[in-house]
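Geometric and topological summary
One-letter residues, chain by chain:
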Amino acid sequence: MKIGIVGSGNVGGTLGTRWAQAGHQVIFGSRDPSGEEMRKLVSQAGPNASAASQQEAAQSSEAILLSTPWPVSVQVAGSLGDLSGKILIDATNPFRPKLDGLDVGVNTSGAEQVATAAKGARVVKAFNTIGYNVMADPMFGADRAVLFYAGDDADAKSKVAALAMELGFDAVDAGPLTQARVLEPFALLWVSLAMARGREMAFKYLRR
């Protein structure tokens, strides 16, 4: 699959590198695709990775990971052009600057605002409830960290679930995109626990 990474910081860099090393064609989108940091990231990700502008990365890919800081996420999603038919994986969280709450919630979510801005995209909320260190290695002994995802398009969700399971996650369908209204506060729980007790932790989904 061709995957565009829009927001190539810790989250985008980690996921993009892992997908590239798994055999996907990954394009890291950047405001400075020829800069030193981007050249280093592409080199680390390997021969399946390249760099381009954010819009070029989005337009040339089947799936797009949006992992930008929240204050610019809706604006960036709207700047990527016509995304009709493309999958947009929203890994952002509408955290307040001091991580003491959310900018939006209850009656809407960051994901729903991203979906409104991302023209024609099939938006799936995913990779927002754990840290980049867990994305790098979701295995805790014999246990797999859970990765919740939500969206309104069954095919898009299936493909995002496959991308998550390929990395080692226990991918669990949380329902329609409106479920981002609970997944985003859940992400704040992970952050608060990680800040208090350390980042090497994740949640497990038990079934009976």
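Below: a short report on this structure. Everything quoted here is computed from the prediction, not taken from an experiment.

**With respect to the pattern of salt bridges**
According to the stated counting rule, one finds nine salt bridges in the structure shown. For Arg-122, the salt bridge identified is with Asp-153, shortest N-O distance 3.1 Å. Placement of the pair is Arg-122 in strand S6 (residues 122-125) and Asp-153 in the loop between strand S9 (146-151) and helix H7 (154-166), with a sequence separation of 31 residues. Connected via shared salt-bridge partners are Arg-122, Asp-153, Asp-155 and Lys-159.

**Points about the side chain of Lys-157**
Mapped onto the secondary structure, Lys-157 falls in helix H7. When its relative accessible area of 10% is taken as the criterion, Lys-157 is described as buried.

**Things to note about the nonpolar core**
Counting residues in hydrophobic clusters, the biggest one holds 42 residues, and the most contacted among them are Trp-19, Phe-28, Ile-89, Ala-126, Phe-127 and Phe-169. Ala-126 has contacts with Ile-89, Asp-90, Ala-91, Leu-147, Phe-148, Tyr-149 and Val-160, leaving out every residue within four places of it along the chain. The next biggest cluster of nonpolar side chains, apart from the first, holds 18 residues, and it includes Val-6, Leu-66, Val-76 and Leu-88.

**Points about the packing of helix H1 (residues 10-21) against helix H2 (residues 36-45)**
For the pair H1 and H2, interaxial distance at closest approach is 8 Å and the crossing angle is 35°. Residues Gly-13, Thr-17, Ala-20 and Gln-21 of H1 form the contact with H2, whose participating residues are Leu-41, Gln-44 and Ala-45. Taken together, the residues of the contact of H1 with H2 break down into three nonpolar, four polar and no charged.

**Focus on helix H8 (residues 180-197)**
Think of an α-helix as turning once every 3.6 residues; residues three or four places apart then point the same way. The terminal C-alpha atoms of H8, which comprises 18 residues, lie 25 Å apart, in line with the 26 Å expected from a rise of 1.5 Å per residue. Along H8, the positions that sit buried rather than exposed are Ala-180, Leu-183, Glu-184, Ala-187, Leu-188, Trp-190, Val-191 and Ala-194. On an axial view of H8, the arc spanned by its buried residues comes to 155°, and they lie on one face. In H8, the exposed positions that point more than 90 degrees away from the buried face belong to Ala-196 and Arg-197.

**Quick word on the environment of Leu-147**
Among the structural elements, Leu-147 can be located in strand S9. Since its relative accessible area comes to 0%, Leu-147 is described here as buried. Residues in contact with Leu-147, not counting those within four places in the same chain, are Ala-126, Phe-127, Ile-130, Ala-164, Phe-169, Asp-170, Ala-171 and Val-172.

**Observations concerning H2**
What H2 keeps buried is the set Met-38, Leu-41, Val-42 and Ala-45. Seen from one end, H2 has its buried residues packed into an arc of 95°, which puts them on one side. Turned more than 90 degrees from where H2 packs its buried face, Glu-36, Arg-39, Lys-40 and Ser-43 sit exposed.

**Overview of the environment of Leu-41**
The residue Leu-41 is located in helix H2 in this model. Since its relative accessible area comes to 11%, Leu-41 is described here as buried. Along the backbone, Leu-41 and Thr-17 are 24 residues apart, and their C-alpha atoms lie at a distance of 7.9 Å. Every residue in contact with Leu-41, bar those within four places of it in the chain, is listed here: Ser-8, Gly-13, Thr-17 and Phe-28.

Quick notes on the rules
Residues numbered from 1 in each chain as written. Predicted model: local features only at pLDDT ≥ 70, side-chain atom pairs only at ≥ 80, totals over all residues. Heavy atoms only, no water. Salt bridge = Lys/Arg side-chain N within 4 Å of Asp/Glu carboxyl O. Helix = DSSP H or I, 4+ residues; strand = E, 2+ residues; numbered from the N terminus. Buried < 20%, exposed > 50% of the residue type's maximum accessible area, 1.4 Å probe, protein only. Core = buried A, V, L, I, M, F, W, Y, C linked by side-chain atoms within 4.5 Å. Contact = heavy atoms within 4.5 Å. Axes fitted to C-alpha atoms, helices over the stretch in contact; angles between N-to-C directions. Nonpolar A, V, L, I, M, F, W, Y, C, P; charged D, E, K, R; others polar. Expected span 1.5 Å × (residues − 1). Arc of directions from axis to C-beta.

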